[in-house]
Amino acid sequence: MTAFPLSGVTVVSVEQAVAAPFATRQLADLGARVIKVERPEGGDFARRYDTTVHGQSSYFVWLNRSKESVTLDLKSPSGRKLLEELLARADVFVQNLAPGAAARLGLDAESLAQRHTSLIPCTISGYGTTGPWADRKAYDLLVQCQTGLVSLTGTPEETARVGVSVADIAAGMYAYSGVLTALYTRATTGVARAVEVSLFEALAEWMSQPAYYTRHGGTQPPRIGTQHATIAPYGAYTAADGKQVLFSIQNEREWAALCERFLARPELVNDPRFATGSDRVAHRTELNTIITERFRRSGSGEVMKLLDAAGIANAGVNDVREFIEHPVLADRNRWQVVDIPGAVVPALQPPADLAGVGPRMDPVPAVGEHTERVLAELGLSAAWIEQLRADGVI
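Note that the structure is predicted; figures quoted are calculated from it, not measured.

> In this structure, what is going on with the sheet that holds strand S7 (residues 234–238)? I would like to understand it.
Pairing between the strands of a sheet is mediated by backbone hydrogen bonds and can be parallel or antiparallel. Taken in spatial order, the three strands of this open sheet run S7-S8-S9, and their pairing is antiparallel. Strands with a single pairing partner mark the edges of an open sheet, and in this sheet they are S7 and strand S9 (314–316). Going from strand to strand, the sheet's axes swing by 20° on average, the running direction of each strand aside. Judged from the five bridges that link them, S7 and strand S8 (residues 244–248) form a sheet pairing that is antiparallel. Of the residues in S8, the one forming a bridge with Thr238 is Gln244.

What follows is the structure, given as structure tokens:
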């Protein structure tokens, strides 16, 4: 097996919550050394979101494997000096501090570029570092609301948030790819370029299709639960055993196969109500009545077999336990194990496989677990480190 692709790259992060930790964990997955700087009192507040994973937060366990935790009080001169020494040795700096905090600490991209010319600074904000909302706090659900995502999610009667932190995840993914691009640019041109991502603009990108539809169609896609706003049939239907099965028709060949091989009603293929995709959307209620009646005559297993035989993609609507036990994850050996403080837990491998390179799956750190070791690398003596601890700097 070859070396990790990012071996030799050092990342220093002053991060919290989800977006920045997700970006840096993916860099760590590829072998980068990620030094996570946390508050001396309690560390990253995501450590306390819950206590479900053997006393650890499910969020923190997900986002922070393979990192080193160092505690520093960045409000103290000594803490800032030590951070500067770490940055002088780093390739990348990632931060998602509250609006204005990075600038007050001299950790904004412009200030860092003056002091560390080869450092790649990555800033993750709520609404951008400029503009009318630069000073506004943000978190995932606020951004889901501001981008209009919540208005598309749920049922006609009620809106709903997406069930995972989709704005944070989007921002973390774009920050990760931005840092990789910046590392490549520095390697090929010698220029270190700053990376900036906001939660709002990351999720705004994901909202592009409904934005096009609304701008040019005159109205936004309706909110219709598991149905699709612009394709029919597309959604979850309840079989005779009470389990839901979702399927969709993507083209006219599949529509004909559905009518002939599943519904056993070939006359519907050319029924003018359903002849085209737009016709089927316009007559969604009538179409759903036909499909619902057919589903009621068969259990979910039989429904899925018949749809498979007709060449129509489908899936049972799983709960989280069924997802955890999914045969694809088991057969493809996607679950590995990761150490956390006091326990060992299953963890999913990163989704992108590189031929000949296994993922790095090192432990999730305790708060400040690596402080002494990292500071010793900077040349601090044991006595000096102990004094810093007594002073509350670490």
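> What is the right way to look at the packing of helix H8 (residues 166–189) against helix H9 (residues 199–206) in this model?
What describes two packed helices is the angle between their axes and the distance between those same axes. One can describe the packing of H8 onto H9 by two numbers: an axis separation of 8 Å at closest approach and a directional angle of 95°. Classified by the angle their axes make, H8 and H9 are roughly perpendicular. For the pair H8 and H9, contact is made by Val166, Ala167, Asp168, Ala170, Ala171 and Tyr174 and by Leu199, Ala202, Leu203, Glu205 and Trp206, respectively. For the contact of H8 with H9, a count of residues per class yields nine nonpolar, no polar and two charged.

> Just to check I follow, could you spell out the sheet that holds strand S5 (residues 120–125) for this structure?
Across the sheet, which stays open at both edges, the six strands sit in the order S3-S2-S1-S4-S5-S6 with parallel pairing between neighbours. In the strand order of this sheet, the two ends are held by strand S3 (67–71) and strand S6 (195–198), each with one partner. Across the sheet, the mean angle from the axis of one strand to that of its neighbour is 20°, orientation sign disregarded. For strand S1 (residues 10–14) and strand S4 (residues 92–95), the ladder comprises four bridges, and the chain directions are parallel. Bridge pairing in S4 places Val14 opposite Gln95.

> Where do I start with the packing of aromatic side chains in this structure?
By convention here, two paired aromatic rings are described through the distance between centres and the angle between planes. Taken as a whole, this structure holds 11 aromatic pairs when the rule is applied. When the centroid spacing of 6.1 Å and the interplanar angle of 15° are considered together, the rings of Phe247 and Phe295 count as stacked. Separated by 48 residues along the polypeptide, Phe247 in strand S8 and Phe295 in helix H13 (residues 284–295) bring together distant segments of the chain. Considered together, Phe247 and Phe295 belong to a single accessibility category, that of buried residues. Through successive ring pairs, a cluster of aromatic residues spans Phe22, Phe45, Tyr49, Tyr59 and Trp62. Across from the ring centre of Trp133, 4.1 Å away, lies the NZ or CZ of Arg136, which sits over that ring. Directly above the ring of Phe262 sits Arg294, whose terminal nitrogen or CZ lies 4.7 Å from the centroid.

> Help me understand unusual backbone geometry, please; the structure alone is not making it clear to me.
With glycine set apart, most residues show a phi of negative sign, and most peptide bonds adopt trans. Ala232 connects to Pro233 through a cis peptide bond whose omega is -10°. As for its placement among the helices and strands, Pro233 is situated in the loop between helix H10 (208–217) and S7. Unlike most non-glycine residues, His54 shows phi in positive territory, near 50°. Along the chain, the position of His54 falls in the loop between strand S2 (33–38) and helix H2 (58–63). We classify His54 as exposed; its relative accessible area is 56%. Although it is not a glycine, Ala264 adopts a positive phi angle of roughly 55°. Tracing the backbone shows Ala264 in the loop between helix H11 (252–262) and helix H12 (277–282). You can call Ala264 exposed: its relative accessible area is 57%.

> How should the layout of surface pockets be read in this particular structure?
Rolled over the atoms, a probe sized like a water molecule indicates the empty space that remains. Taken as a whole, the largest pocket holds about 1,200 Å³ of empty space. Contributing to the lining of the largest pocket are 39 residues, with Arg25, Trp62, Arg65, Ala347 and Leu348 lying nearest its centre. Secondary-structure elements contributing two or more residues to the lining of the largest pocket are helix H1 (19–29), H2, H8, helix H15 (320–324) and strand S11 (343–348). Its residues assigned to classes, the lining of the largest pocket comprises 27 nonpolar, seven polar and five charged. Of the pockets and cavities examined, the second largest pocket occupies roughly 940 Å³. Lining the second largest pocket are 42 residues, and of these Asn96, Leu97, Ile124, Ser125 and Gly126 sit closest to its centre. Elements with a minimum of two residues in the lining of the second largest pocket: helix H4 (101–104), helix H5 (109–115), S5, helix H6 (140–146) and S6. In the lining of the second largest pocket, the residues fall into 23 nonpolar, 10 polar and nine charged.

Basis of the calculations
- Residues numbered from 1 in each chain as written.
- Predicted model: local features only at pLDDT ≥ 70, side-chain atom pairs only at ≥ 80, totals over all residues.
- Heavy atoms only, no water.
- Pairing = 2+ DSSP bridges.
- Helix = DSSP H or I, 4+ residues; strand = E, 2+ residues; numbered from the N terminus.
- Axes fitted to C-alpha atoms, helices over the stretch in contact; angles between N-to-C directions.
- Parallel < 35°, antiparallel > 145°, perpendicular 65-115°, else oblique.
- Contact = heavy atoms within 4.5 Å.
- Nonpolar A, V, L, I, M, F, W, Y, C, P; charged D, E, K, R; others polar.
- Phe/Tyr/Trp six-rings, centres within 6.5 Å; stacked < 30°, edge-to-face > 60°.
- Buried < 20%, exposed > 50% of the residue type's maximum accessible area, 1.4 Å probe, protein only.
- Lys NZ or Arg CZ within 6 Å of the ring centre and 35° of its normal.
- 1 Å grid on protein atoms, 1.4 Å probe; cavity = no way out; pocket = protein on both sides within 12 Å on 5 of 7 lines; lining within 4 Å.
- Points joined across faces, edges and corners; volume = space filled by probe spheres on them.

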